[in-house]
Amino acid sequence: QVQLVESGGGLVQAGGSLRLSCAASGRTFSRYGMGWFRQAPGKEREFVTAIRWNGGTTYYADSVKGRFTISRDNAKTTVYLQMNSLKPEDTAVYYCAAANRPITMTTREYDYWGQGTQVTVSS
């Protein structure tokens, strides 16, 4: 069992930055591929980024490539999402997720989810 708690969301102006954190419980955190997803009002949840269990591989959605960076600290059982050059279209609830596999971009392959944190980007 893995429990995930996101933090760091908030209101920011376009062009600004935010750093999300996802604290995980459980001793097996380092075995899990981790990902960030987001869901805007009226839209389906979409993949944002993922990182391999050892941090050696990362994937990004085209919409955030070059602006967002995922990282993880297995000693602290925490995964981060650094978001720069934010745009109004980045406004969404951001979810952290853990997959019992090295890395994946597929929503249904994630086994555990956090409760989400709101990110609002004003124009």
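Right above here is the structure, for reference.
Please read all numbers here as calculations on a predicted model, not as lab measurements.

Chemist: It is not clear to me how the state of the cysteines should be interpreted in this structure. Could you clarify?
Modeler: Here a disulfide denotes one covalent bond, and it connects the sulfur atoms of two cysteines. In this structure the tally under the stated criterion is one disulfide. The disulfide partner of Cys22 is Cys96, and the gap between their sulfur atoms is 2.1 Å. Given an S-S torsion of about -75 degrees, the disulfide between Cys22 and Cys96 has left-handed geometry. One end of the pair, Cys22, is in strand E3 (residues 18-24); the other, Cys96, is in strand E9 (residues 92-99), with 74 residues separating them in the sequence. Judged on exposure class, the residue Cys22 and its partner Cys96 are both buried.

Chemist: Which parts of the structure should I look at to understand the pattern of salt bridges?
Modeler: Opposite charge on two side chains makes pairing possible when the charged atoms of those side chains draw close. Throughout the structure, instances matching the rule amount to five salt bridges. A salt bridge links Arg67 to Asp90, with the nearest nitrogen and oxygen atoms 2.8 Å apart. You can see Arg67 sitting in the loop between strand E6 (58-60) and strand E7 (68-73) and its partner Asp90 sitting in the loop between strand E8 (78-83) and E9, a full 23 residues away along the chain. As far as the burial class goes, Arg67 and Asp90 line up, both buried. Across the pair Glu109 and Arg101 runs a salt bridge, and its minimum N-O distance is 3.7 Å. Shared partners join several salt bridges into a network, and the residues in it are Arg38, Glu46, Arg67 and Asp90.

Chemist: Got a minute to help me understand the packing of aromatic side chains in this structure?
Modeler: The geometry of two aromatic rings is summed up by the distance between their centres and the angle between their planes. Summed over all chains, the structure comprises five aromatic pairs. On the numbers, 6.0 Å between centres and 70 degrees between planes, the contact of Tyr32 with Tyr112 is edge-to-face. Taken together, the residues Tyr32 in the loop between E3 and strand E4 (33-39) and Tyr112 in strand E10 (residues 112-113) connect sequence positions 80 residues apart. Accessibility assignment for this pair places Tyr32 and Tyr112 in one class, buried. These aromatic residues form a ring-pair network of at least three members: Phe37, Phe47, Tyr110 and Trp113. Here the guanidinium or amino end of Arg19 rests over the ring plane of Tyr80, the centre of that ring lying 4.0 Å away.

Chemist: I'm lost on the pairing of strand E5 (residues 46-51) in this one. Help?
Modeler: Consecutive side chains of a regular strand alternate in pointing toward one face of the sheet and then the other. Burial analysis of E5 places five of its six residues in the buried class, which makes it a mostly covered element. Here five bridges tie E4 to E5, and the two strands are oriented antiparallel to one another. Each residue of the ladder has a partner; that of Phe37, found in E5, is Phe47. Hairpin connection of E4 to E5: six residues between the antiparallel strands, including Gly42 at a positive phi of 80 degrees. Where E5 and E6 come together, three bridges link them in antiparallel fashion.

Thresholds, definitions, all that
- Residue positions are given per chain, counting from 1 as you read along its sequence in written order.
- The predicted nature of this model means local features are confined to residues of pLDDT at least 70 and side-chain atom pairs, given and counted, to a pLDDT of 80 or more, with totals for whole chains, interfaces and linings taken over all residues.
- To get the side-chain values, take all heavy atoms of the structure and skip hydrogens and water.
- For this text, the term disulfide refers to a pair of cysteine sulfurs within 2.5 Å.
- By the criteria applied, helices consist of DSSP H or I runs no shorter than four residues and strands consist of E runs no shorter than two, each listed in order from the N terminus.
- Using a 1.4 Å probe on the protein chains alone, a residue whose accessible area is under 20% of its type maximum counts as buried, one over 50% counts as exposed, and one in between counts as partly exposed.
- One side-chain nitrogen of Lys or Arg within 4 Å of one carboxyl oxygen of Asp or Glu is enough to make a salt bridge.
- In this analysis, rings of Phe, Tyr and Trp, with Trp reduced to its six-membered ring, are considered paired at centre separations within 6.5 Å, and the interplanar angle assigns stacked below 30 degrees, edge-to-face beyond 60, and tilted for intermediate values.
- The rule is short: NZ of Lys or CZ of Arg within 6 Å of the ring centre and within 35 degrees of the ring normal puts a charge over the ring.
- Whether two strands pair depends on DSSP finding at least two bridges between them.

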